[in-house]
Amino acid sequence: MGIDLEILLGGRDAQFVIEGLYRLRETKVEALNVVRAEGIGPNGRSFEPWDFGIPQIDSLLAHLGAEPVEALPGTPEER
């Protein structure tokens, strides 16, 4: 059961929140791709989506009843 943001915030503001989360996710995915392409990683390992909070954003979007997003290449969902 998701949270009804429209009741909590009103329709327009709820849409702004969801759009903001999608944009934040997109920015974090782009950043993850950049650090992976550059070979940058913490403690000798590659950065993973959870290092950037991407699965947490996906979970929040799902909890809010938003449309699902595509899985990232190299994430546990695709292995």
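For the structure itself, look to the data block above.
Predicted, not measured: the structure shown is a model, and the values here were computed from it.

Rules used in this analysis
Residues numbered from 1 in each chain as written. Predicted model: local features only at pLDDT ≥ 70, side-chain atom pairs only at ≥ 80, totals over all residues. Heavy atoms only, no water. Helix = DSSP H or I, 4+ residues; strand = E, 2+ residues; numbered from the N terminus. Buried < 20%, exposed > 50% of the residue type's maximum accessible area, 1.4 Å probe, protein only. Contact = heavy atoms within 4.5 Å. Areas by Shrake-Rupley, 256 points an atom, 1.4 Å probe, with all protein chains shown as cover. Salt bridge = Lys/Arg side-chain N within 4 Å of Asp/Glu carboxyl O.

Draft legend 1. A look at the overall build of the protein. Helix and strand counts for the protein come out as 3 helices and 0 strands. Among the 79 residues that make up the protein, the fraction classed as buried is 25%. Of all intrachain contacts in the protein linking residues separated by at least 6 positions in sequence, the fraction that spans at least 24 positions is 56%. When the accessible surface of the protein is split by element, carbon and sulfur atoms take 55% of a total near 5600 Å².

Draft legend 2. Structural view of the pattern of salt bridges. The tally for this structure, following the rule as stated, stands at 3 salt bridges. A salt bridge links aspartate 58 to arginine 25, with the nearest nitrogen and oxygen atoms 2.4 Å apart. Here aspartate 58 is found in helix H3 (residues 54-63), whereas its partner arginine 25 is found in helix H2 (residues 11-38), with 33 residues between them in sequence.

Draft legend 3. Geometry of the environment of glutamate 70. You can see glutamate 70 is positioned in the segment after H3. For glutamate 70, a relative accessible area of 70% puts it in the exposed group. Considering only alpha carbons, one finds glutamate 70 and aspartate 58, 12 residues apart in sequence, at a separation of 9.5 Å.

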